[in-house]
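Here's the letter readout for the chains.
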Amino acid sequence: MPCWIRESEWGSEDVVTEQQDGEHSPVEPVEPAALEGENAIELSEVAGLSQGQIVRRRFFRHRGAMLALAVLALIIVLATTSVGWGPIPGWWKWSHTDLVPQTPDDGPTMSLRPTWLGGAGIRLGDHPFGVDNELGKDMFALTMRGVQTSLTVIIVLGVLSTTIGVTVGALSGYYGKWVDAALMRATDVVIVIPLLVITAVAGFALGLSGIWPVAVALGVFTWTGLARLVRAEFLALREREFVDAARVANASDRRIIFKHILPNTVGTIVVSTTLLMGAGLLTEAALGFLGFGVRPPEVSLGTIVNQYQGAFGTRPWLFLWPGFFIVGIVLCLQFIGDGLRDAFDPRQKRIPSRKDLERGNDPISEQEGLPAEAAIHRVPGGSE
Amino acid sequence: MLIYIARRLVAGVFVMIVASFILYLLMTQAGDPLAFTLTIQNPTQRQAVIDEVTNTLSLDVPPVERYFDWLTRLVFQQDFGLVSTTQEPVSSELARRVPTTLKLVTAATVLSVIIGIFTGVITALRQYSGFDYLVTFVTFVFFSLPVFWVAVILKDWGGINLNDWLRDGAQFSTTFVVAMALLFAVVGASFAGGTAVRKAAIGAACAVIAALVLAWVSATQWLLDPGFGFFGFAVITTAVVVGVVAVMAGLANRRALIAGGVTGAIGVVSYIPMQAVFDNPINVWQLFGWLAIALAVSTAVGYIVGGYDKGQAARTAGVVAVFCGIVMVVDRMMQSWAEYSAEPVIRNRPIKTIGDGEDRLDGSFWVIADNTFSHLVLPTIALMLISVAAYTRFSRSSMLEVLNQDYIRTARAKGLTERTVLVRHALRNALLPLATIVAFDISGIISGAVITETVFQWEGMGTLFIDGLREFDPNRVMAFFVVTGAFAVVFNLLADVAYAVLDPRIRVGE
């Protein structure tokens, strides 16, 4: 039998096993009469959709995550286009290296209060976030550069630590025994070595400057949590029937890991990578603040905060703006992570609102002729 | 079980040795430990210092050999070596810094556990309510705050500006009172259940109470010379009695209510004689002695009036006594606040932003206590923000998980009161996984808080580490690593063992 036919047969086998694989399968044939109200509502919504479609739908319905996604996109666009990034030209008049002429009023010129309310009108002005007269820096350009640095760091960190973490976790969880023991002890070693030492050494001993040593060091040393999560998932999944079926059918280890088990852990991986990137941004900023992160002449949000912490009492804008951007980006990532977690969680149920039920959008009470009130009392947490 | 513990310990030691080897080699590559000598002008003096540091850190020996020298001395002589810059033993540095760090991080951890569990459980009980969403949002914001940024802001607003405001008479502006009243209205309304009218009424009541309290605090300049006084103490004690009895036994349980009430009454009556006791020279151990007496008296009261369920009444009365004692001590600390602020070394700027205590202060036990408090308050807040958020999330999800279990439905079905179901069946089981997390957290306590200690200039473990790293001194960094690593290994093991002991469903060592 030619090789490709076997492969395609395996492909279809995968689909079947995935569907039999209880908790990820939303379209199990269940008797409607045996259902509780909220289950039926949930099922009637997802009937006939693929796993990806269901997740996407749930994610798009999460208002907080959608708002966060929009804000994050706005921050990225602002940081990329304003002072320019690589080939992208910037529209802002200063860059972070420009020497800005002294201005008598060094406060922020951005105003959001229109003239008819007694403000200066909606405008950006010359220095929307203020200006540092001592070093001649435009704070907007400096902050945008810091955002770019921080974004670079967390993207590198996300890619590196996901790759390493998933590989280590998958190998450890799938093979078990001495592979597991060795990899988990190695993970323990990585956990206990302080990050500060790593970045300090990466900067000094390797003679590297700029953002790459920090980004790579963070990526190579923050995968431990993800590895443990993925390992736990693999430990549970490798005992399942669909893995046994694959093994009986002579699938290779590689195939079982990548085609059968890994797709089932995507939820965990995506969610924790998002949260990891948020935490990574905070770590990078903290390292920059302590002087062990990104080194001058490069700037990151942490180094700007460190540089201007003394100015907080007199010129707070120098200190506050970079902080706002840290909080903003991390908060967005948190909400996106939360939305993703809800979307991937197979136990997640949408609680139909009281209004939905009263309006009669409840397919079950229509089907079974239940009054809407009866359905309300079945909603967990809704009526207590 | 014993085999499991032994295996874990051996693995822990193995991990520590490998990690310390890597860390030592990294430290030797981190920079030039002699860099600080460049500031010495006199060449002969500089050469002397260079020789000294070379000798202390064995810079003439290859790094790998140096590591094994260090390890041998540590294992066989418990010798951590000398600090490169000052030539003092690292162990004496450790002895000085560990208590400082414990002081800082213990307070923050204990408070965040209590507050976090409290909010988490309430949000779980009020799932999908306005309060739940509000708390969820706030925890997300806390998770996103960079500690160093918050710490600098706290130093400025909570330290300098608050001290200025206290000096200017400690009076709230009308705008502030209105804003706070609105805040309380929103929190109160989101917290209340039921119809919109009920929510609005509770929100309005919260706003009015908050506004009245703030106006009174402002008008009497209470914050300059705080204290509850006899009547304040009586009111608080009554609230404590009602609250504790409601949670622990239910107000319908007359026996428990009587036991709590009698204990509270004894507390109120003893308020005035206790002031005389507090005014005499006293120390922490005597305070604990008085607490033990209070506990003995209250449990005896509970036992006598308890009727058929003596244990429950005794427990309730004991908890009431502990709370009364805490309130009484806090009240006495408040009474010394004005005296503390007026001390010449404090100069009416009571909230401190630097260090862990004012050494030059020479006052009574209570003034010193106020001194410790005023140095602790800002760094504790900075440290607490994140861990409160974490504990809130943990206890919320843990409580929700338990509330969805079948045995909770069974408990309700057999007619238990909601209080019994929630406190006895749900809360106790929800706290089990938290025990692990707390034990886990305690292992991190000793490592201190590098950033908070740096910003507030505490001389703790975190700054020992960071200073060692800045001066490329392997001795200090390795000492920090050995102490914190040993704590981590032991407490992580304890966490797992404790979980297995508390929860029979979990079995370890398979």
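Every chain's residues receive numbers from 1 upward, in the order its sequence appears when written. Ligands are numbered from 1 and chains lettered from A, in the order in which they are written. In view of the model being predicted, local features appear only for residues whose pLDDT reaches at least 70, and side-chain atom pairs are presented and counted only at 80 or more, with totals across whole chains, interfaces and linings using the full set of residues.

1. Brief notes about the overall build of chain B
Test applied: Helix numbers and strand numbers start at the N terminus; a helix is a DSSP run of H or I with at least 4 residues, a strand a run of E with at least 2. Here a residue counts as buried when 20 or more other C-beta atoms fall within 10 Å of its C-beta, as exposed when 12 or fewer do, and as partly exposed in between; the C-beta atoms come from the backbone. Residue pairs are scored as contacts if the distance between their C-beta atoms, which are placed from the backbone, is within 7 Å.
Of regular secondary structure, chain B possesses 20 helices and 0 strands. Reported as C-alpha extents along the three principal axes, the dimensions of chain B are approximately 80 × 65 × 45 Å. When the 510 residues of chain B are sorted by exposure, 36% land in the buried category. Across chain B, contacts joining residues at least 24 apart in sequence account for 72% of those joining residues at least 6 apart.

2. Focus: the overall build of chain A
Scanning chain A from N- to C-terminus turns up 17 helices and 2 strands. Of all 384 residues assigned to chain A, the portion counted as buried reaches 41%. Pairs at least 24 residues apart make up 65% of the contacts formed inside chain A by residues separated by at least 6 positions.

3. Focus on the environment of Gly337 of chain A
Residue and element names in this part refer to chain A. Mapping Gly337 onto the fold places it in helix H14 (residues 316–344). On the basis of neighbour count, Gly337 is assigned to the buried category, with 22 C-beta atoms found within 10 Å. Setting aside anything within four residues of it in sequence, one finds Gly337 in contact with Val271, Thr274, Leu275 and Gly278.

4. Points about helix H10 (residues 241–248) of chain A
All names here are of chain A. Quick note on the threshold: In this description, the arc belongs to the directions extending from the helix axis to the C-beta atoms.
If you check which residues of H10 are buried, you get Phe242, Val243 and Ala246. The buried residues of H10 occupy an angular sector of 100° when the element is viewed end-on, so they sit on one face. In H10, the exposed positions angled more than 90 degrees off the buried face are occupied by Glu241, Asp244 and Val248. In the stretch just after H10, Asn250 is the one whose phi turns positive, near 70°.

5. A few points about the interface of chain A and chain B
Definition in use: Gly falls in the polar group here, along with every residue not listed as nonpolar (Ala, Val, Leu, Ile, Met, Phe, Trp, Tyr, Cys, Pro) or charged (Asp, Glu, Lys, Arg).
Counting from both sides, the interface comprises 30 residues of chain A and, opposite them, 34 residues of chain B. Among the secondary structure elements, those contributing two or more residues to the side of chain A that touches chain B are helix H6 (177–192), helix H7 (195–204), helix H12 (266–290) and H14 of chain A. The element contributing the most residues to the side of chain A that touches chain B is H14 of chain A, with 8 residues. The residue makeup of the side of chain A that touches chain B, split by class, is 23 nonpolar, 5 polar and 2 charged.

6. Some remarks on helix H6 (residues 147–167) of chain B
The criterion, for reference: A helix is expected to span 1.5 Å for every residue after the first. Here the bend at a residue is taken as the angle between two axes, fitted respectively to the seven residues that end there and the seven that start there.
Compared with the 30 Å implied by 1.5 Å per residue over 21 residues, the 28 Å span of H6 of chain B between its first and last C-alpha is a close match. Residue Asn161 of chain B marks the point of greatest curvature in H6 of chain B, where the axis turns by about 25°. Every buried residue belonging to H6 of chain B is among Val147, Phe148, Trp149, Val150, Ala151, Val152, Leu154 and Lys155 of chain B, and all of these are buried. For H6 of chain B, the secondary structure elements touched by its buried residues are H12, helix H13 (301–307) and H14 of chain A together with helix H15 (365–403) and helix H18 (450–455) of chain B.

7. Overview of the nonpolar core
Note the cut-off: Note on terminology: a nonpolar core is any set of buried Ala, Val, Leu, Ile, Met, Phe, Trp, Tyr and Cys residues joined through C-beta atoms within 7 Å.
Core analysis: the biggest nonpolar cluster contains 154 residues, and Val197 of chain A together with Phe148 and Ala151 of chain B have the highest contact counts within it. Residue contributions to this core peak at 16 residues, all from H14 of chain A. Dropping the residues within four chain positions of it, Val197 of chain A is found in contact with Leu23, Leu26, Met27, Ala30, Leu469 and Val477 of chain B. Listed in part, the 23 residues of the second largest apolar core include Val262, Val301, Ala321 and Phe323 of chain B.

8. Observations concerning the confidence of the model for chain B
Applied cut-off: Summary of the metric used: pLDDT quantifies the predictor's per-residue confidence within the range 0 to 100.
In this model, chain B carries a mean pLDDT of 86, and residues with pLDDT of at least 70 account for 98%. Here the complex is predicted with pTM 0.82, and the ipTM for its interfaces comes to 0.84.

9. A few points about the packing of helix H4 (residues 90–125) of chain B against H15 of chain B
All names here are of chain B. Keep this limit in mind: Note on geometry: axes are C-alpha line fits, over the in-contact stretch for helices, and angles between N-to-C directions span 0 to 180 degrees. Handedness of a crossing follows from how the near helix is turned relative to the far one, being left-handed for an anticlockwise turn of less than a right angle and right-handed for a clockwise one.
Put simply, H4 and H15 touch, their axes get as near as 6 Å, and they point 35° apart. For the crossing formed where H4 meets H15, the hand is right-handed. Its residues assigned to classes, the contact of H4 with H15 shows 21 nonpolar, 10 polar and 2 charged.

10. Topic: the packing of helix H4 (residues 63–82) of chain A against helix H5 (residues 139–175) of chain A
All names here are of chain A. For the pair H4 and H5, interaxial distance at closest approach is 9 Å and the crossing angle is 115°. For H4 against H5, the interelement crossing comes out left-handed. Only Met144, Val147, Gln148 and Leu151 of H5 make contact with H4, whose side of the interface consists of Ile75, Ile76, Ala79 and Ser82. In terms of residue class, the contact of H4 with H5 is built from 6 nonpolar, 2 polar and no charged.

11. Focus on unusual backbone geometry
Glycine aside, a negative phi is what most residues show, and trans is what most peptide bonds show. Positive phi is not limited to glycine here, since Asn250 of chain A has a value of about 70°. Tracing the backbone shows Asn250 of chain A in the loop between H10 and helix H11 (253–261). The exposure class assigned to Asn250 of chain A is exposed, which follows from the 9 C-beta atoms found within 10 Å. The phi dihedral of Gln457 of chain B falls on the positive side, at around 50°, and the residue is not glycine. You can see Gln457 of chain B is positioned in the loop between H18 and helix H19 (461–470).

12. Remarks on the environment of Ala369 of chain B
All names here are of chain B. Mapped onto the fold, Ala369 is located in helix H15. You can call Ala369 partly exposed: it has 19 C-beta atoms within 10 Å. The spatial distance from the C-alpha of Ala369 to the C-alpha of Ser336 is 9.2 Å, given a sequence separation of 33 residues.

13. Some thoughts on the confidence of the model for chain A
All names here are of chain A. Residues of chain A with pLDDT of at least 70 account for 70%, and the chain-wide mean is 74. This model gives residues 1–35 a pLDDT under 50, and the stretch forms 23 contacts once residues within four places in sequence are excluded. Scored below 50 in pLDDT, residues 362–384 shows 39 contacts in the model against residues more than four places distant or in partner chains.

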